[in-house]
Amino acid sequence: MELLRLFITSVIPVIKVLLVLAVGSFLATESVDLLGPNARHHLNNQLVFYVFLPALIGCSIANTITVKSVETLWFMPVNIFISCAIGSLLGYILVKITKTPPHLKGLVIACSSAANLGNMLMIILPALCEETNSPFGDSSTCSAYGEAYASLSLAAQAIYVWSILYSIMRTSANSIVKETAEILSETSAEPLLVSHSSSEDNIYQVDLPDEGNQRMSTFGKMKQCFMTTIRSKSLKMIFTPATIAAIVGFIVGIVSPFRKALVDDSAPFHVIYSSIDLIGEAGIPSMTLVVGANLLKGLKGSAVKTSLLLGILIIRNILLPVSGIAVVKAAMHFGLVGSYSLYQFTLLLQYAIPPAMNIGTILQMIGTGEAEFSVVMLWNYVVAAFSLTLWTAFYMWLVT
């Protein structure tokens, strides 16, 4: 493949994302006002979170995951979680070096670890396969495998984002609430006394022993602990609609009767699956538009330090892609990865993709860091227009 054609093929997906971001910003301007604060809130916190994203993830997993694909593609989710772990570690180091404010720690770790494996791979892999001089073989076979790799990557990334990363970002955002509560309690003595007395009552109610508690059987204690865990807020944070959709999609894909009834083209209830899939296709454009709309807030003024922004850019565009080469080469050395060049290329490319749009969805929900994320997102995609193209060319040379 010619170098110029490779450059154009690689840069088009990034330009598409930048154009959609620009449309989102335009729709949020005061003169148009189609994506104002209220519209963004309803679109992001309700439609995207509860409808579009679960439909997209569930259908992607159900379509991709089979017993055979689990045997051949098992390392891909592992590779994604390794990349997230490396990015989280580098993000944590950056937080310590730059002394990031507590409410932005989750944002930094998220932007350093979670990549936009949804629409970027969905655009890049088919575009490379359709090139006449593509090194990945027959275009139809290559495109089919590319779509499967992209769908599995999207699903695995979503599980990480909506379980582990969601909890980290919620905890980081709650630091603002705690600090505000402490300030208010220090400036108001009377509410403090009321709160103190009520907390003492609660302590006595919990700690005072009675015969019922002493006679409680081991089974009773286990049941009480289980019910407490089920009702806990932490468990609800992990089992978000997207996570539940991923579990359902995995079951439908693995269990043959479900797959034959819903997913296959000749399935009797395929119309149900295709309808849900159609709804899910609105997820990525909606998230991208919301991030673009939030970009206006970031451009008006943001507290992102230059050192912090540079650190995230270095992690995403240099450190992670280099570490990806080491991880994938080690996996190939130990026989964990097959010899198909497109599969190896996809594993490498997962380390070079810009930050995920899902991060903006979470920030919109918890109500903090939206302006900062918009600025980080803008610069990451501007830089990615060059860095992702170069890494794509280098990775293709490496595997072919």
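Residues numbered from 1 in each chain as written. Predicted model: local features only at pLDDT ≥ 70, side-chain atom pairs only at ≥ 80, totals over all residues. Heavy atoms only, no water.

A. Main features of the packing of helix α4 (residues 75-98) against helix α5 (residues 105-113). Two numbers describe how α4 lies on α5: the axes approach to 7 Å, and their chain directions differ by 140°. Taken as axis vectors, α4 and α5 run oblique relative to one another. Relative to α5, α4 is oriented so that their crossing is right-handed. The segment α4 lies against α5, with Ser83, Cys84, Gly87, Ser88, Gly91, Tyr92, Leu94 and Val95 engaging Lys105, Val108, Ile109, Ser112 and Ser113. (Axes fitted to C-alpha atoms, helices over the stretch in contact; angles between N-to-C directions. Helix = DSSP H or I, 4+ residues; strand = E, 2+ residues; numbered from the N terminus. Parallel < 35°, antiparallel > 145°, perpendicular 65-115°, else oblique. Left-handed = near helix turned anticlockwise from the far one by under 90°. Contact = heavy atoms within 4.5 Å.)

B. Local environment of the environment of asparagine 45. Position of asparagine 45 among the secondary structure elements: in helix α2 (residues 37-64). Note on asparagine 45: relative accessible area 11%, which makes it buried. It is 8.5 Å that separates the C-alpha atoms of asparagine 45 and isoleucine 362, two residues lying 317 residues apart in sequence. Apart from the residues within four sequence positions on either side, asparagine 45 is in contact with Arg40, Tyr50, Gln364 and Met365. Among the polar contacts made by the side chain of asparagine 45, one reaches the side chain of asparagine 44 at a distance of 3.3 Å. (Buried < 20%, exposed > 50% of the residue type's maximum accessible area, 1.4 Å probe, protein only. Polar contact = N/O pair within 3.5 Å; in protein donor to acceptor, adjacent residues only side chain to side chain.)

C. Expanded view of the nonpolar core. Counting 97 residues, the largest nonpolar core has Trp162, Phe345, Ile353, Ile359 and Leu388 as the members making the most contacts within it. Leaving out residues up to four positions away in the same chain, phenylalanine 345 has contacts with Leu125, Leu128, Phe136, Thr392, Tyr395, Met396 and Val399. Counting residues in each nonpolar core, the second largest holds 5 residues, with Cys59, Ala62, Val252 and Tyr273 among its members. (Core = buried A, V, L, I, M, F, W, Y, C linked by side-chain atoms within 4.5 Å.)

D. Fine view of the packing of aromatic side chains. Under the definition given, this model contains 11 aromatic pairs. Taken together, a centroid distance of 6.1 Å and an interplanar angle of 75° make the contact between tryptophan 391 and phenylalanine 394 edge-to-face. One end of the pair, tryptophan 391, and the other, phenylalanine 394, are both in helix α19 (residues 370-399), 3 residues apart, so they sit about a helical turn from each other. Phenylalanine 394 gets classed as partly exposed once you look at its relative accessible area, which sits at 33%. Between phenylalanine 394 and tyrosine 395, the aromatic rings sit 6.4 Å apart at their centres with planes inclined by 50°, giving tilted as the arrangement. Site record: aromatic cluster; members linked through ring pairs are Tyr145, Tyr149, Tyr340 and Tyr343. (Phe/Tyr/Trp six-rings, centres within 6.5 Å; stacked < 30°, edge-to-face > 60°.)

E. Seen up close, the state of the cysteines. Using the criterion set out here, one finds 1 disulfide in the structure. Between the sulfur of cysteine 129 and that of cysteine 142 lies a disulfide, 1.8 Å long from S to S. Its S-S torsion of about -60° marks the bond between cysteine 129 and cysteine 142 as left-handed, since a negative value means left-handed. Of this pair, cysteine 129 sits in helix α6 (residues 119-129) while cysteine 142 is found in helix α7 (residues 139-187), placing the two residues 13 residues apart along the sequence. In this pair, the class of cysteine 129 matches that of cysteine 142, namely buried. (Disulfide = S-S within 2.5 Å.)

F. Focus on the packing of α4 against helix α16 (residues 306-333). One can describe the packing of α4 onto α16 by two numbers: an axis separation of 10 Å at closest approach and a directional angle of 145°. Judged by the sense of rotation from one axis to the other, the crossing of α4 with α16 is right-handed. Mapping the contact onto sequence places Phe75, Asn79, Ile82, Ser83, Ile86, Gly87, Leu90, Gly91, Leu94 and Thr98 in α4 and Ser307, Leu308, Gly311, Ile312, Ile315, Leu319, Leu320, Ser323, Val327, Val328 and Ala331 in α16. Split by residue class, the contact of α4 with α16 holds 13 nonpolar, 8 polar and no charged. (Nonpolar A, V, L, I, M, F, W, Y, C, P; charged D, E, K, R; others polar.)

G. A nonpolar patch on the surface, seen in detail. Together, Val70, Phe239, Ile244, Ile247, Val248, Phe250, Ile251, Val255 and Phe258 make up an exposed nonpolar region whose accessible area comes to about 730 Å². In terms of residues, the nonpolar patch owes the most to one element, helix α12 (residues 241-254), which gives 5 residues. Inspection of the secondary structure puts phenylalanine 239 in the loop between α11 (233-238) and α12. (Patch = residues over 30% accessible without salt bridge, like charges linked within 9 Å, V, L, I, M, F, W, Y side chains within 5 Å. Areas by Shrake-Rupley, 256 points an atom, 1.4 Å probe, with all protein chains shown as cover. Salt bridge = Lys/Arg side-chain N within 4 Å of Asp/Glu carboxyl O.)

H. Structural view of the confidence of the model for the protein. The share of residues in the protein with pLDDT of 70 or more is 80%, and the mean pLDDT across the chain is 79. Segment residues 189-214: pLDDT under 50, and 4 contacts once partners within four positions in sequence are set aside and those in other chains are kept. (pLDDT = per-residue confidence, 0-100.)

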